[in-house]
Amino acid sequence: MLPWILFLLMLLLGCACNSYYYAPNTVHTPHLMERHNAVASAGGLRGPEFSGFEVHGSYALSRRLALMVNHMELRGGNPAQERWGKGRLMEGALGMYFPTGDATSNTLFFGWGAGSAFNQFPKESKATLQFHRYFGQYGISVEHNALRFGTGARLNYLQYRKGWIDYRLGEPDISKIELIEERSPLIFPELSVSLSMGSRPVWVSLFATLMEYNAAEELGLATHTFGLSLTFQMDHFWRAERASKIK
């Protein structure tokens, strides 16, 4: 855990003035143990020079099958200097979950998402890129008393589909966008870790996601995000209501 704490401190202390055309959302590791388990979370998200929020939902359709949906919105930069940006990503996935014992949940999801990145530069020059992302991810969540630890790995296939670019924006952003167009689609992994405290039905989670891609800086891709969220075990509410009706 110490390396991750040091990593987060470095993120808080150091940032550069850059424009980004992609940022990783969290590799969620829902704690699904049985049919009708439902998890929902909402939290704040930060990156090198931007911040925003994300929401997540997972539902166990059957004894093994599960659905997942994610949405992320980000914004950063300095509008007063006419240099700012925003981005979004929305995706859905279908997968399976495998409980191990009474405290461990393994999940495997395959999904698709669509997103965009908009950046404005001085002299009202602008650049907008739209992309699709296909992914496969594995995650594990372990619960022990009031603690829950999760870690996941995701392999992404990122394909930029459309773009609107004002070539007055200059360097280094012109070179970044030209490289993105040349190298798309991009294939790279992302790793995530989370630590939660609480008990059913509410958990407070700290999390971080790290991209492993050597050309990330060259292409204007953010290599990490981290944040804080609230996670709700939604099935706890309707199970409690059903139990009270039976009594």
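What counts, and where the lines are drawn
- Residues numbered from 1 in each chain as written.
- Predicted model: local features only at pLDDT ≥ 70, side-chain atom pairs only at ≥ 80, totals over all residues.
- Heavy atoms only, no water.
- Helix = DSSP H or I, 4+ residues; strand = E, 2+ residues; numbered from the N terminus.
- Buried < 20%, exposed > 50% of the residue type's maximum accessible area, 1.4 Å probe, protein only.
- Contact = heavy atoms within 4.5 Å.
- Areas by Shrake-Rupley, 256 points an atom, 1.4 Å probe, with all protein chains shown as cover.
- Pairing = 2+ DSSP bridges.
- Axes fitted to C-alpha atoms, helices over the stretch in contact; angles between N-to-C directions.
- Patch = residues over 30% accessible without salt bridge, like charges linked within 9 Å, V, L, I, M, F, W, Y side chains within 5 Å.
- Salt bridge = Lys/Arg side-chain N within 4 Å of Asp/Glu carboxyl O.
- Core = buried A, V, L, I, M, F, W, Y, C linked by side-chain atoms within 4.5 Å.
- pLDDT = per-residue confidence, 0-100.
- Phe/Tyr/Trp six-rings, centres within 6.5 Å; stacked < 30°, edge-to-face > 60°.
- Lys NZ or Arg CZ within 6 Å of the ring centre and 35° of its normal.
- Polar contact = N/O pair within 3.5 Å; in protein donor to acceptor, adjacent residues only side chain to side chain.

Brief notes about the overall build of the chain
Next up, step 1: Counting its secondary structure elements, the chain contains 4 helices and 10 strands.
Next up, step 2: Each helix and strand of the chain, ordered N terminal to C terminal, gives the series α-β-β-β-β-β-β-β-α-β-β-α-β-α.
Next up, step 3: In the chain, which comprises 247 residues, the proportion classed as buried is 46%.
Next up, step 4: Restricting the contact set of the chain to residue pairs at least 6 apart, pairs at least 24 apart contribute 65%.
Next up, step 5: Per element, the accessible surface of the chain, about 12700 Å² overall, is 62% carbon and sulfur.

Notes on the sheet that holds strand 3 (residues 65–78)
Next up, step 1: A barrel is described by the order of its strands in space; here 10 strands give the closed sequence 1-2-3-4-5-6-7-8-9-10, paired in antiparallel fashion. With strand direction ignored, the average angle separating the axes of adjacent strands in the sheet is 20°.
Next up, step 2: Sheet topology places strand 1 (residues 38–46) next to strand 2 (residues 50–60); 9 bridges connect them, and they run antiparallel. Within the sheet, the bridge partner assigned to G43 lies in strand 2 and is E54.
Next up, step 3: Its contacts with the sheet put helix 2 (residues 173–183) on strand 4 (83–100), strand 5 (104–121), strand 6 (125–144), strand 7 (147–165) and strand 8 (186–199), and the angle it makes with strand 7 is roughly 100°.

Description of a nonpolar patch on the surface
Next up, step 1: A cluster of nonpolar side chains, L61, L65, L67, L94, M96, F98, L108, F110 and Y138, forms an exposed patch at the surface whose accessible area comes to about 760 Å².
Next up, step 2: Looking at the nonpolar patch, the elements with two or more residues in it are strand 3, strand 4 and strand 5.
Next up, step 3: When residues of the nonpolar patch are assigned to their parent elements, the largest contribution, 3 residues, is made by strand 4.
Next up, step 4: Within the secondary structure, F110 is located in strand 5.

Some details on the nonpolar core
Next up, step 1: Core analysis: the largest hydrophobic core is formed by 29 residues, its most contacted members being Y21, Y22, L158, Y160, L186, L219 and L221.
Next up, step 2: Elements represented by at least two residues in this core include exactly strand 3, strand 6, strand 7, helix 2, strand 8, strand 9 (202–211) and helix 3 (216–219).
Next up, step 3: Look past the residues within four positions of L186 in its chain and what remains in contact with it is N156, Y157, L158, Y160, Y213, L219 and L221.

Let's talk about the pattern of salt bridges
Two side chains with opposite charge may pair up if their charged atoms get near one another.
Next up, step 1: Under the criterion given, the structure shown has 8 salt bridges.
Next up, step 2: Close ionic contact of R154 with E190 constitutes a salt bridge, the shortest N to O distance being 2.6 Å. In this pair, R154 is assigned in strand 7 and E190 in strand 8, connecting sequence segments 36 residues apart. E190 shares its class with R154; the two are buried.
Next up, step 3: Note that E218 is salt-bridged to R183, the shortest N-O span being 3.5 Å.

Concerning the confidence of the model for the chain
Next up, step 1: Chain-level statistics for the chain give a pLDDT mean of 88 and a share of 89% at 70 or above.
Next up, step 2: Looking at the elements of the chain, mean pLDDT is at its lowest for helix 1 (residues 2–13), recorded as 42, and at its highest for strand 2, recorded as 97.
Next up, step 3: pLDDT under 50 marks residues 1–16. Its contacts with residues more than four places away, or in other chains, come to 14 contacts.

Comments concerning the pairing of strand 1
Next up, step 1: Taking the residues that link successive antiparallel strands as the turn, the strand 1-strand 2 hairpin has 3 residues.
Next up, step 2: Two strands pair when backbone bridges link them, and strand 1 and strand 10 (residues 224–233) are joined in this way by 8 bridges, in the antiparallel orientation. Across the sheet, the residue bridging to R46 is F226, located in strand 10.

Considerations on the packing of aromatic side chains
Next up, step 1: Counted under the stated rule, the structure contains 7 aromatic pairs.
Next up, step 2: Ring geometry for Y20 and F50: centres 5.7 Å apart, planes at 75°, overall edge-to-face. On the criterion of sequence distance, the pair formed by Y20 in the loop between helix 1 and strand 1 and F50 in strand 2 is long-range, its members being 30 residues apart. The pair Y20 / F50 is uniform in exposure class, with both members buried.
Next up, step 3: Ring pairing ties together the aromatic residues Y22, F131, Y160, F188 and Y213, which thus form one cluster.
Next up, step 4: Taking NZ or CZ as reference, R148 lies 4.0 Å from the ring centre of W203, over its face.

Considering the side chain of E190
Next up, step 1: Its relative accessible area of 0% is what places E190 among the buried residues.
Next up, step 2: Reaching out from E190, the side chain makes a polar contact with the side chain of Y22 at a distance of 2.8 Å.
Next up, step 3: With residues up to four places along the chain from it excluded, the contact list for E190 reads Y22, P24, V27, R133, G152, A153, R154, N156, T209, L210 and M211.

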